[in-house]
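Now for the letters of each chain:
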Amino acid sequence: MKMSAAEISQVLKEGELEKRSDNLLQFWKRKTCVLTTDSLNIYADTQKRSKGKELKLQSIKKVDCVERTGKFVFFTIVTTDDKEIDFRCSGEENCWNAVITMALIDFQNRKAIQDFKTRQDNESASPGQQERRMARAP
């Protein structure tokens, strides 16, 4: 099965990332992650990508708390409902936090342009409303 050029460009980064568990002991667990233009997909198993969690970019508020130690780069993803998810990656790799941040900025820019175009189309679709606004202007 061949992938189209659009589908290939969807994947921004793929590789391993460590996620801190939510349980009491908070172990770091190695995950396979795939960052696309719309979401971060987190898989527990490298071979079986059936069981995974999808974190949509629209539900991410920011990438925060970036700290570099000798071996690792630690960062936190803050969601729109103010939940925090801690990650770390090795310092030798291209840092995931930067790639996720750039994907988030790109997503937010695309959304802002889409919202602006939608508003513009709605305003141009109702010329009577535009004339009423102009008539009220001082």
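Here the residue index of a chain counts from 1 through its sequence in written order. Given that the model is predicted, a residue must reach a pLDDT of at least 70 before its local features are reported, and side-chain atom pairs must reach 80 or more before they are shown or counted; all residues, however, enter totals for whole chains, interfaces and linings. As a rule here, side-chain values cover all heavy atoms of the structure and leave hydrogens and water aside.

## Examining the pairing of strand 7 (residues 84-90)
- The classification of residues rests on relative accessible area computed with a 1.4 Å probe and restricted to protein chains. Under 20% of the type maximum is buried, over 50% is exposed, and intermediate values are partly exposed. Strands here mean DSSP runs of E at least two residues long; helices mean DSSP runs of H or I at least four residues long; both are numbered from the N terminus. With respect to burial, strand 7 is a largely interior element, six of its seven residues being buried.
- We call two strands paired when DSSP finds no fewer than two bridges between them. Looking at chain direction, strand 1 (residues 11-20) and strand 7 are connected through two bridges and run antiparallel. Across the sheet, residue Glu18 finds its bridge partner in strand 7, namely Arg88.
- Pairing analysis gives seven bridges linking strand 6 (residues 72-79) to strand 7, with the strands arranged antiparallel. Opposite Thr76, over in strand 7, you have Asp86 as the bridge partner.
- Taken together, strand 6 and the strand that follows it, strand 7, pair antiparallel across an intervening segment of four residues, in which Asp82 is found at a positive phi of about 60 degrees.

## What to know about the nonpolar core
- Each nonpolar core is a collection of buried residues, namely Ala, Val, Leu, Ile, Met, Phe, Trp, Tyr and Cys, held together in the definition by side-chain atoms within 4.5 Å. Among the nonpolar cores identified, the biggest contains 21 residues, and Leu17, Leu40, Phe75, Ile77, Phe87, Trp96 and Ile100 are the most heavily contacted of them.
- Breaking this core down by element, the ones donating at least two residues are strand 2 (28-36), strand 3 (39-43), strand 5 (60-68), strand 6, strand 7 and helix 2 (96-125).
- We call two residues in contact whenever any of their non-hydrogen atoms come within 4.5 Å of each other. Residues in contact with Leu40, not counting those within four places in the same chain, are Cys33, Val34, Leu35, Lys53, Glu54, Leu55, Ile77, Phe87, Trp96 and Ile100.

## Considering the sheet that holds strand 6
- Spatial strand order, 4-3-2-1-7-6-5: seven strands in an open sheet with antiparallel pairing. The sheet is open, and its two edges are formed by strand 4 (52-56) and strand 5, each paired on a single side. For this sheet, the mean angle separating the axes of adjacent strands, direction not counted, is 30 degrees.
- As defined by bridge partners, strand 2 adjoins strand 3 across four bridges and the pair is classed as antiparallel. In the strand pairing of strand 3, Thr32 is matched with Tyr43.
- Inter-axis angles, ranging from 0 to 180 degrees, are taken between N-to-C directions of lines fitted to C-alpha atoms, where helices are fitted over the stretch in contact. Of the strands in this sheet, strand 1, strand 2, strand 3, strand 5, strand 6 and strand 7 are in contact with helix 2, which crosses strand 5 at around 155 degrees.

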